[in-house]
Each structure stands twice: as structure tokens, then as C-alpha cells.
Amino acid sequence: MREGRLWIGGEWSESGNWAVGQDPRTGEDAYRYAVAGPNDIRRAVDAARRAQPAWAASPWSTRRDVLLRALHLMVDRIDEISATILLETGKPPCESVGGAEIPTGLECLAYYAAETEPVLRPRPIRTRFRPYFFGKSGFVYRKPLGVIGAITPWNLPFSLAMGAIVPALASGNAVVVKPSEYAPLTVLEIAGAFADAGLPAGLFNVVSGGPEAGAALVASQTDRIVFIGSAATGHSVARALADAGRMPPLLELDGKDAMVVCADADVAYAAQGAVWNAFSNTGQLCCSVERVYVVRERAGAFVDQALQATARLTDLAGFAEHAGRLHAPATHWAFGPLIRESARQRVHRHVTDAVERGARLLSGGRIPAGPGFWYPPTVLADVTDEMLVMREETFGPVLPVVAVADEEEAVARANASPFALTGSVWTRDLKRGRRLADQMRAGLVMVNDHASAYAMLDCPWGGSGSGGWGRLHGPDALLEVTEACARVVDRVPTPKVWWYPYTRPAYEYFRRGSELLFAGRLRQRLGAVGPVLRALMAGRRQPGLGG
Ligand code: NAD
């Protein structure tokens, strides 16, 4: 059985406590991993703390070269990484080798190797013309926070971990990662590549385990937590940090993404987009399409097209009927299972609740016989907003379709969810698309595609509302793990007009000085010139104002 140990201070270590993980395709025990205890986590944070200052002080070219070497090593190991992801999550290899998973993680390394230095480059402080600042000059530096604790989920175990780790390392931090207990091995592939790329020991540590290990990392002395996972857990992490008076975490949480299909949309194209975005990764993406609002006159055609595409996928995946019973597929190439049995039960609860409240089940919706945690692609029509499937994150292969009167109603209903991660508008009229996109509340809205900008590394990634705080990817991610620190030097010691003693001329100087600099009317500004000069001269005769 494959084994995953802890990676602390550049060495493998064992905690003495093991847990076993299942292959979701079969439900059988497939690997075991070391569960970190509080002592292991303390050791990892200490190792990170010791290694970080030298890394932050190293020239940018040193850090960039490590990122690039890690990138090239990971490219050479794509098959191994994809096989590990398959073992842990059951994800079809095309879904890990394509799109949101391995290429996005690799892109992350390429992007931050190229873009970190310009973002973190010291910025001169502009003083504009202000007599009080005469002789001063300074720079703003972005300093790494120190040790970043990253808590990551299982659904994109490679690219989301990379999204948390790479900007932190690139900007001079050390990291301690607590991967999901459902994907503890993939992060070890990342750790191995960084170690082989020459990343100094202690800068990257992996402490696997479940909620207790996550809570222990939150309670440890990291400088910031980057949390990617469910809203319930993320909010509890934020509460724990607030209670301890520590920096708020970066949170990437639930989605309930809406797709708005306009009357002029290319319906066949939109339906294929909906099917892929609802069913890829078996619907287990924070940015899966979980609500479709279609303008009523096109709803029938949209559902027909979506059903045809779903039927093709169901066949390809190999779900089969025997004597009225649906059977789990034998292949994992076209479609994957859900991550665990409790996830399957939640998905099925959403579907049965919708059907009991009047939705039409058009495809799927049954738990198949056989091993593993499979659930077929499921299409629901006549869905209403009070159904569970429209209110809570389903995180499974369910496509609920709602017919609406017009686009305005579609956008209003799309915006009613507290989770506002991404959304999309489908129309042939790009002007209309841009207008509606601007009205939708989400961290990312796309026109005629959904969420694929996740793989465009320059695009910030994160939710509005309860979908999260802060952003992964882009320059924004570097700002999340660094802080602006200024250094200002008084090159010429000048009299400090604001120092003691406070006098009448000093008062006049400041009051009329504000008029001179900021008054709305030119006459008022010009009128202040004389009084400012007189106050200055009067002050020169008194100690404290230039005297
Ligand atoms: P989860 O909240 O169950 O677990 C996430 C991580 O938190 C895991 O590593 C887990 O071990 C850890 N954890 C659990 N309890 C903890 C605690 N009390 N303190 C600290 N850490 C704790 O989520 P999951 O099931 O792994 O992931 C799926 C969820 O993640 C979905 O809701 C999905 O929408 C969300 N997600 C969001 C994004 C995004 O970018 N917004 C990306 C991927 C997944």
C-alpha cells in the first residue's frame, strides 16, 4: 500500500499515527498517510521560521531559478502526479493532465517566476509639492509575512496547493501545508519536486492529517493562514484567528455559480458549456455551474440540447442499466466518482429534495449499484429557488435549470446567493454580455465561457460575499502574503514646523497653508499666500516655527 509521510525541515518523518485513505472508484483502502500531531506541527513551523530569513534575503534570481527548476521537474513528472491524483480522487487522467489541474499549477510557477519581481520591486514614495516634506525621500517595500500556513482541499489537490504555495515562496516566505485528508499524497509530489529543485530545507513542510491537524496549524505561530475549503470550516478558522487576535486568513470558500442564458444565445453551445461545467470533476469544483437561468423562450431547446450531451457522457462513462438497476461504470476515463460516501449522500439528498418539491428529473438522479462512490450526471428542470439544490453548494454532478422571464430576472436571481465566486452570461451580443456581466456579483464573470479564467494566472481568483476574502493568482496573491513597509529618510535636517511649542503663528501657518494647498477657489488659494509667508516670518522670530 502506498504511504505518505510528513515532510518537515527537509526530511521525511513519521508521527507514529497513521490513517488510511480509500480509492473513490472502488471504496477500497488504497494508501496510508501519517497524521501530524501538535508537536509535529510545532516542529514544522519552527523549521520554517528558521529557514525563512535567509530565503527572504536571497537575491531574486536565486528564488526564480528554484521556481523554474521545480517547474521543469514537475513537467517531467506529469504522469506520476496524474497517477497520484487518480489514486486519491478518482479524477479522470484527462482532467488532471488538462485544464484546471496540472497545467494551472505549472502555469503558477511560470507566472510567478516571471512576474514576482516587478510587483515586489520597491516603489519610491512621491511627496508631491509639500513644504513640510522637503528633504525627505523614501521607498515602499513589500516584505514577506514570514511563515504561511496553507490548508488545502482535495478537489484540485495540485493546482490549489500550488496557488497557495508558489506566491508565498516566490515572495520570500516559508510554508507549512496541511493538505486535505482525502488527498495527502499529491502535495508530497510537489514537496519532492521543490526539494529536488534545490529549495533549502525548512522552507516547504507538509503536515498531513484531518481537521485536528488543520486546527493545530491554525493555532500555531504562523504569520498568516491561507485556507481553501468549505465555508463552514473557513468561517471557523476565521473565528479562531480573530479570538486569538491574529491576522485574518485568506479564505477561498464555497461557490454556487450561476449561468445566465440570454434569448439570443447559441443554445447548443451554451448547453454544451453547461454540461461540461456542471459535470467535469464530477461537479466537485467550487466554480461548477450549479444554477442555470435560461430565458423562457429558449428553455425547452436548451434542456433538449443539454440532455443529448448528458446522454452521450453517460454512455461514454459506462453507466449501464441491468434489470432496472443503474450500475457503476467500469472505466474512469470519461467521468470520475465522488470523493466519499457522505458526499454522494449529500448530492442525492439535494436531488430527492428537488424532486419532492416538484422538479422534473430528466437524467440520472439514482445511486448506482456496485462499488465506489459513483453518481451519474443528473439534469433537473422546473427547479425553484427554495429547493436545497439552489440554496446550498451541491458539489456533485447536478445541472438544475430554471426558466425565467428575461435577463434582468436571471441576473437578479443569480445575485441572490450569498456565494459569489464566479458566474457567466451566454449571448451572441457581446455588448449585452459585458453589460450583464458587470451587473453580476462575483469575483469573476465570463461571457460565453465559464470559470476557465482560473487557468489565466494573471486573473485574480476569489469570491465576493460569503465566497471568500482575498485572492489567489495574479499580482493580488503576492500582496496577500507580503506587507507594505516604508523606509523614509530625512536627507537634509530641516526645521520641523509641527514640533513644540504650539504658537499662534504656527496655527495660522497650518490653517492658511491648507487653504493654499486644497481650497476649491483659486482666489482663496492666492489669498492664503501672504498670510502663510507672514506666519512663517513671525514664526521664525519664535522658537518652534522655523526658529
Ligand atoms: P473542508 O472545509 O472539509 O476541508 C478543507 C481543509 O480544511 C482540509 O484540509 C481539512 O482537513 C481542513 N479542516 C477541516 N476542519 C478544519 C478545522 N476545524 N480547522 C482547520 N482546518 C480544517 O473542504 P473540502 O471538502 O476539502 O473541499 C471542498 C470545499 O472547498 C467546497 O466547499 C469547495 O467549494 C471549496 N473550494 C473552494 C475553492 C475556491 O477557490 N473558492 C477551491 C476549491 C474548493
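So, a few notes on the structure that sits alongside this text. The shown structure was predicted, so the numbers you read here are calculated from the model rather than taken from an experiment.

## Notes on the layout of surface pockets
Here is step 1 of the chain: Considering only enclosed or pocket space, the largest pocket measures out at about 840 Å³ in volume.
Here is step 2 of the chain: F227, I228, G229, S230 and T233 are the residues nearest the centre of the largest pocket, which is lined by 38 residues in total.
Here is step 3 of the chain: Elements represented by at least two residues in the lining of the largest pocket include exactly α8 (211-219), β11 (224-228), α9 (231-243) and α12 (341-356).
Here is step 4 of the chain: Sorting elements by how many residues they give to the lining of the largest pocket places α9 first, with 6 residues.

## Examining the environment of I228
Here is step 1 of the chain: Of note, I228 is situated in strand β11.
Here is step 2 of the chain: In this structure, the C-alpha to C-alpha distance between I228 and R413, residues 185 residues apart in sequence, is 26 Å.
Here is step 3 of the chain: The contact partners of I228, leaving out residues within four places of it in the chain, are I151, T152, P153, L160, A164, E252 and L472.

## Looking at the site of the ligand
Here is step 1 of the chain: In the vicinity of the ligand lie 29 residues, with K178, E181, S230, L253 and E393 positioned nearest.
Here is step 2 of the chain: K178 is positioned such that a nitrogen or oxygen atom in its side chain is 2.6 Å from an oxygen atom of the ligand.
Here is step 3 of the chain: In this structure, a nitrogen atom belonging to the ligand sits 2.8 Å away from a main-chain N or O atom of L253.
Here is step 4 of the chain: Coverage of the ligand by the protein amounts to 89% of the 840 Å² it exposes when considered alone.
Here is step 5 of the chain: A majority-of-atoms criterion places the ligand in the largest pocket.
Here is step 6 of the chain: Every element with two or more residues in the shell around the ligand is listed here: α8, β11 and α9.
Here is step 7 of the chain: The leading source of residues in the shell around the ligand is α8, at 3 residues.
Here is step 8 of the chain: Here the shell around the ligand is built from residues that sort into 15 nonpolar, 9 polar and 5 charged.
Here is step 9 of the chain: Taken domain by domain, the makeup of the shell around the ligand includes at least three residues from each of domain 1 (2-253 + 475-485) and domain 2 (257-451).

## Digging into the pattern of salt bridges
Oppositely charged side chains may form a pair once their charged atoms are brought near each other.
Here is step 1 of the chain: Within the structure shown, the criterion is met by 27 salt bridges.
Here is step 2 of the chain: In this structure, E3 engages R32 in a salt bridge whose closest nitrogen and oxygen atoms are separated by 3.0 Å. Taken together, the residues E3 in strand β1 (residues 2-4) and R32 in strand β5 (residues 28-34) connect sequence positions 29 residues apart.
Here is step 3 of the chain: Judged by relative accessible area, which is 28%, R32 ranks as partly exposed.
Here is step 4 of the chain: Here D490 ties to K496 by a salt bridge, and the two come within 3.1 Å at their closest N and O atoms.

## Some remarks on unusual backbone geometry
Excluding glycine, most residues fall at negative phi; most peptide bonds, likewise, are trans.
Here is step 1 of the chain: The linkage connecting Y500 with the following residue, P501, adopts the cis geometry, with an omega of 0°.
Here is step 2 of the chain: Looking at the element boundaries, P501 is found in the loop between β25 (482-490) and α17 (504-518).
Here is step 3 of the chain: Not every positive phi belongs to a glycine, and T282 is a case in point at roughly 55°.
Here is step 4 of the chain: As for its position among the elements, T282 is in the loop between α10 (267-279) and β14 (289-295).

## Quick notes on empty space enclosed by the protein
Gaps left between atoms show up when a probe the size of a water molecule is rolled over them.
Here is step 1 of the chain: Per the counting criterion, the structure on display carries 3 cavities of 30 Å³ or more.
Here is step 2 of the chain: Lining the largest cavity are 15 residues, and of these R291, A414, F419, T422 and R441 sit closest to its centre.
Here is step 3 of the chain: For the lining of the largest cavity, the secondary-structure elements that each account for two or more residues are β13 (257-261), β20 (419-420) and β21 (422-426).
Here is step 4 of the chain: The residue makeup of the lining of the largest cavity, split by class, is 7 nonpolar, 4 polar and 4 charged.

## Considering the sheet that holds β5
Here is step 1 of the chain: The strand order across the open sheet formed by 3 strands is β1-β5-β4, and the pairing between neighbours is mixed. For this open sheet the edge positions go to β1 and β4 (18-23), each flanked by a neighbour on one side alone. Neighbour-to-neighbour, the strand axes of the sheet open up by a mean angle of 30°, direction not taken into account.
Here is step 2 of the chain: Sheet topology note: the β4/β5 ladder contains 6 bridges and is antiparallel. Each bridged residue has a counterpart across the sheet, and for A19 the counterpart in β5 is Y33.

Conventions adopted
Residues numbered from 1 in each chain as written. Predicted model: local features only at pLDDT ≥ 70, side-chain atom pairs only at ≥ 80, totals over all residues. Heavy atoms only, no water. 1 Å grid on protein atoms, 1.4 Å probe; cavity = no way out; pocket = protein on both sides within 12 Å on 5 of 7 lines; lining within 4 Å. Points joined across faces, edges and corners; volume = space filled by probe spheres on them. Helix = DSSP H or I, 4+ residues; strand = E, 2+ residues; numbered from the N terminus. Contact = heavy atoms within 4.5 Å. Near = heavy atom within 4 Å. Polar contact = N/O pair within 3.5 Å; in protein donor to acceptor, adjacent residues only side chain to side chain. Areas by Shrake-Rupley, 256 points an atom, 1.4 Å probe, with all protein chains shown as cover. Sits in = over half its atoms within 2 Å of the grid points. Nonpolar A, V, L, I, M, F, W, Y, C, P; charged D, E, K, R; others polar. Domains from an automatic or database assignment. Salt bridge = Lys/Arg side-chain N within 4 Å of Asp/Glu carboxyl O. Buried < 20%, exposed > 50% of the residue type's maximum accessible area, 1.4 Å probe, protein only. Pairing = 2+ DSSP bridges. Axes fitted to C-alpha atoms, helices over the stretch in contact; angles between N-to-C directions.

These figures capture arrangement, not role.
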